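A structural walkthrough
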Amino acid sequence: MNGRYAPSPTGTLHLGNLRTALLAWLFARSAGSRFLMRMEDLDAGRVRPGIAEEQLADLAAVGVDWDGEVSYQSQRLDLFADAIEQLRAAGRVYECFCTRAEIHEAASAAHGPLPEGAYPGTCLRLTEAELASKRASGRPPALRVRAGAERVAFTDRVHGRQEGVVDDFVIRRNDGAPAYNLAVVVDDAAQGVEEVVRGDDLLDSTPRQLFVARLLDLPAPQYAHVPLVLGPDGDRLAKRHGGVTLRDVPAARARAWMAETLGLDLDPETFAPGLLPREPTIWRG
Ligand code: GLU
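Since the model is a prediction, treat every value here as computed from it, not as a measurement. (Residues numbered from 1 in each chain as written. Predicted model: local features only at pLDDT ≥ 70, side-chain atom pairs only at ≥ 80, totals over all residues. Heavy atoms only, no water.)

**Examining the domain arrangement of the protein chain**
In terms of domain boundaries, the protein chain breaks down into domain 1 (3–75 + 188–201 + 219–284) and domain 2 (79–172). Taking only C-alpha atoms, the centre of domain 1 and the centre of domain 2 are 30 Å apart. At the junction of the two partners, domain 1 supplies 14 residues and domain 2 supplies eight residues. With both sides pooled, the region where domain 1 packs onto domain 2 buries about 950 Å², and carbon together with sulfur makes up 52% of that total. Taken together, the connections running from domain 1 to domain 2 amount to one salt bridge. Our count for the domain 1 to domain 2 interface comes out at four residue pairs in polar contact (both at pLDDT 80 or more). If you tally residues by element for the side of domain 1 that touches domain 2, the top one is strand 10 (residues 222–226), at four residues. Of the residues assigned to the side of domain 1 that touches domain 2, the class counts are eight nonpolar, two polar and four charged. (Domains from an automatic or database assignment. Contact = heavy atoms within 4.5 Å. Buried area = accessible area lost by both parts, 1.4 Å probe. Salt bridge = Lys/Arg side-chain N within 4 Å of Asp/Glu carboxyl O. Polar contact = N/O pair within 3.5 Å; in protein donor to acceptor, adjacent residues only side chain to side chain. Helix = DSSP H or I, 4+ residues; strand = E, 2+ residues; numbered from the N terminus. Nonpolar A, V, L, I, M, F, W, Y, C, P; charged D, E, K, R; others polar.)

**Some words on helix 8 (residues 251–261)**
Along helix 8, the residues classified as buried are A254, R255, M258 and A259. Seen end-on, helix 8 carries its buried residues on one side only, within an arc spanning 135°. Those residues of helix 8 that are exposed and angled more than 90 degrees off the buried face are R253 and E260. Contact partners of the buried residues in helix 8: helix 1 (15–30) and helix 2 (51–61). Of the residues flanking the end of helix 8, it is G263, one or two places downstream, whose phi is positive at about 65°. (Buried < 20%, exposed > 50% of the residue type's maximum accessible area, 1.4 Å probe, protein only. Arc of directions from axis to C-beta.)

**Let's talk about the site of the ligand**
For the ligand, the full set of nearby residues is R4, A6, P7, S8, E40, Y180, V184, R198 and L202. The contact in question runs from a nitrogen atom of the ligand to an N or O atom on the backbone of A6, over 2.8 Å. The side chain of S8 places a nitrogen or oxygen atom 3.0 Å from a nitrogen atom of the ligand. Considering the ligand on its own, with 300 Å² of exposed area, one finds that the protein chains cover 76% of that surface. When the residues that make up the shell around the ligand are grouped by side-chain class, the tally is five nonpolar, one polar and three charged. (Near = heavy atom within 4 Å. Areas by Shrake-Rupley, 256 points an atom, 1.4 Å probe, with all protein chains shown as cover.)

**A look at the layout of surface pockets**
For the second largest pocket, the calculated volume is near 260 Å³. Lining the second largest pocket are 14 residues, with P115, V165, D204, P207 and R208 positioned closest to its centre. Taken together, the elements giving at least two residues each to the lining of the second largest pocket come down to strand 7 (160–166) and helix 7 (206–215). For the lining of the second largest pocket, the class distribution of residues is six nonpolar, three polar and five charged. (1 Å grid on protein atoms, 1.4 Å probe; cavity = no way out; pocket = protein on both sides within 12 Å on 5 of 7 lines; lining within 4 Å. Points joined across faces, edges and corners; volume = space filled by probe spheres on them.)

Right, dumping it as structure tokens:
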């Protein structure tokens, strides 16, 4: 099944990110499939110059390779705009003028089926007059998709059956950038990605992504959300743990550590694929 790794070029990849990338690569390559590399560089405020190149070099250094050219989401804006237009034409899109603080306040007052932190639908209920005055205020709106707290279920290869309630999430940010939850779906489908292997911090985003794929009539990939690497304090690995990037650790040592922590019996120099069991019990927990 065709796979991919899709980093955001906002900072140096740490060994946990590289391990996730390696797993994604192993899943694809051990099945004889294509593996693609995509830079998710839509968040102009967080993208840092030179980081994409550094990330690609680090991925190559731990043995990850990819088919074809690296794709950059910032060069595919038309694709995302078309998808947003399709949702709008289907009557699924509305403007949202809420600030973060307003959402937080409204969300904590709201009761109902939505999970914590979900958008409570404030701007869906604006009257025509309220909408006109918000538009006149000059604050540019974000665009949200109307999901109506639909339940979406899927089966994850690592976590098993999952179910989530989908809120009216943002598909275009108020700075005009397509939102991650939209772009990732459109791009995975456009690039023929069949299996998404990524960190399990994104497990909760998956129902939203499956929901938008269905609205756009796009094929849904399979998912495998793999455990993040934690620091000695139990928090997810971060710079403050020290010695966690290829700036600090030689690539050969990093590869050996990855093979060991994944319980993979691979040559730590070459990571020759083909030895990965298809049942991912070895890296559970
Ligand atoms: N670009 C996202 C990130 O770096 C990952 C997207 C994905 O794998 O779906 O967190």
